[in-house]
Amino acid sequence: NSGFDAETWCDTRWHLKGKIRSVASGPASMVVNRINDNLEVVMLEGNQLNHYWSENGIAWKGPYRITDRATAPACLIQSSYADNLELVVPEGSHLSFYWRDSRDLQWKPKKGQRILRHASGPAGFVQGPLGVGVHKNFEVLVPRGDVLSHYWRDNADPGLPWKGGGRVTSRGGVISAVALAQSTLDGHLEALVQEENGSL
């Protein structure tokens, strides 16, 4: 298969369930929609970032174009904002933020703020445990050459500003990609980082 274009599932082993597309040019990102249990996928196809979705994992629908300026894979989440879909995606050297209103039946992404101007690879993105009020902060880790940087969005601020959270690591070689998750260990943020020397 070309890229992550095949959906699989696992009990004690993985099974191929079928192809979504055969033109993927990089990894995809997927969530299970809390509203209807649909599978939601965003996939890089050249410079197009496209959205696909499946009811009950049977028939895939799409593509619905999000942007035609994507230069690396996106990271997709479903947030506490009315279960909206939210994603971050590199566009050239910029890291951009898009979101979709869950009340809109069609995929019409609305571009949010540009997070930063000097991203060099795919970012990790979660809605973490920190913050004031109902909507906890968004957390992003993004490669910037040999530096892994942290950014966060203050969801208690009406202006929804993105702020720098500092360096996570640096001078360990060029960072290719990062994956980010919130663990059950006191809500810690945990990251996997792919580095130039081949280490993870």
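Please refer to the structure higher up on the page.
A.B. asks: Which parts of the structure should I look at to understand the overall build of the chain?
C.D. replies: Helix and strand counts for the chain come out as zero helices and 16 strands. For a compact globule of 200 residues, the expected C-alpha radius of gyration is about 16 Å, and the chain comes in at 17 Å, within 12% of that figure. Dimensions of the chain, computed from C-alpha atoms along their principal axes, come out at roughly 45 × 40 × 35 Å. Buried residues in the chain amount to 43% of all 200 residues. For the chain, restricting intrachain contacts to residue pairs at least 6 apart in sequence, the fraction spanning at least 24 positions comes to 34%. Accessible surface, the chain: about 10500 Å² in total, of which carbon and sulfur atoms supply 52%. Averaging the coordinates of the 21 positive side-chain charges in the chain and doing the same for the 21 negative ones gives two points 6 Å apart.

A.B. asks: Can you help me understand the pattern of salt bridges in this one?
C.D. replies: Here the idea is simple: oppositely charged side chains can pair when their charged atoms come close. This model, assessed by the stated rule, comprises seven salt bridges. As a salt-bridge pair, Arg65 and Asp68 come within 3.9 Å of each other at their nearest N and O atoms. Note on Asp68: relative accessible area 42%, which makes it partly exposed. One connected set of salt bridges, linked through shared partners, spans Arg65, Asp68 and Arg69.

A.B. asks: What's the story with the sheet that holds strand S9 (residues 94-100) in this structure? I'm lost.
C.D. replies: Whether parallel or antiparallel, the strands of a sheet pair through hydrogen bonds between backbone atoms. The strand order S7-S8-S9-S10 describes an open sheet built from four strands, whose pairing is antiparallel. The outermost strands of the open sheet, each flanked by one partner alone, are strand S7 (75-78) and strand S10 (110-116). Across this sheet, the average inter-strand angle for adjacent strands is 25 degrees, counted without regard to direction. Bridge count between S9 and S10: four bridges; the pairing is antiparallel. Across the sheet, residue Ser96 finds its bridge partner in S10, namely Arg114.

A.B. asks: How should I be thinking about the sheet that holds strand S3 (residues 28-32) in this particular structure?
C.D. replies: Read across the open sheet, the four strands follow the order S3-S4-S5-S6; overall the sheet is antiparallel. Edge strands, defined here as strands with exactly one partner in the open sheet, are S3 and strand S6 (59-67). Adjacent strand axes in the sheet meet at a mean angle of 20 degrees when their direction is disregarded. In this structure, S3 lies alongside strand S4 (residues 39-45), joined through five bridges in antiparallel fashion. Its bridge partner lying in S4, Ser29 is registered against Val42.

A.B. asks: Can you help me understand the environment of Ser25 in this one?
C.D. replies: Its location among the elements puts Ser25 in the loop between strand S2 (14-19) and S3. What makes Ser25 partly exposed here is its relative accessible area of 44%. A C-alpha to C-alpha distance of 9.6 Å links Ser25 and Gln48, two positions 23 residues apart in sequence. Here Gly46 takes part through its backbone nitrogen, which lies 2.8 Å from a polar atom of the side chain of Ser25.

Rules behind the numbers
- Residues numbered from 1 in each chain as written.
- Predicted model: local features only at pLDDT ≥ 70, side-chain atom pairs only at ≥ 80, totals over all residues.
- Heavy atoms only, no water.
- Helix = DSSP H or I, 4+ residues; strand = E, 2+ residues; numbered from the N terminus.
- Rg over C-alpha atoms; globule rule 2.2 N^0.38 Å.
- Buried < 20%, exposed > 50% of the residue type's maximum accessible area, 1.4 Å probe, protein only.
- Contact = heavy atoms within 4.5 Å.
- Areas by Shrake-Rupley, 256 points an atom, 1.4 Å probe, with all protein chains shown as cover.
- Lys, Arg positive; Asp, Glu negative; His and termini not counted.
- Charge placed at Lys NZ, Arg CZ, Asp CG, Glu CD.
- Salt bridge = Lys/Arg side-chain N within 4 Å of Asp/Glu carboxyl O.
- Pairing = 2+ DSSP bridges.
- Axes fitted to C-alpha atoms, helices over the stretch in contact; angles between N-to-C directions.
- Polar contact = N/O pair within 3.5 Å; in protein donor to acceptor, adjacent residues only side chain to side chain.

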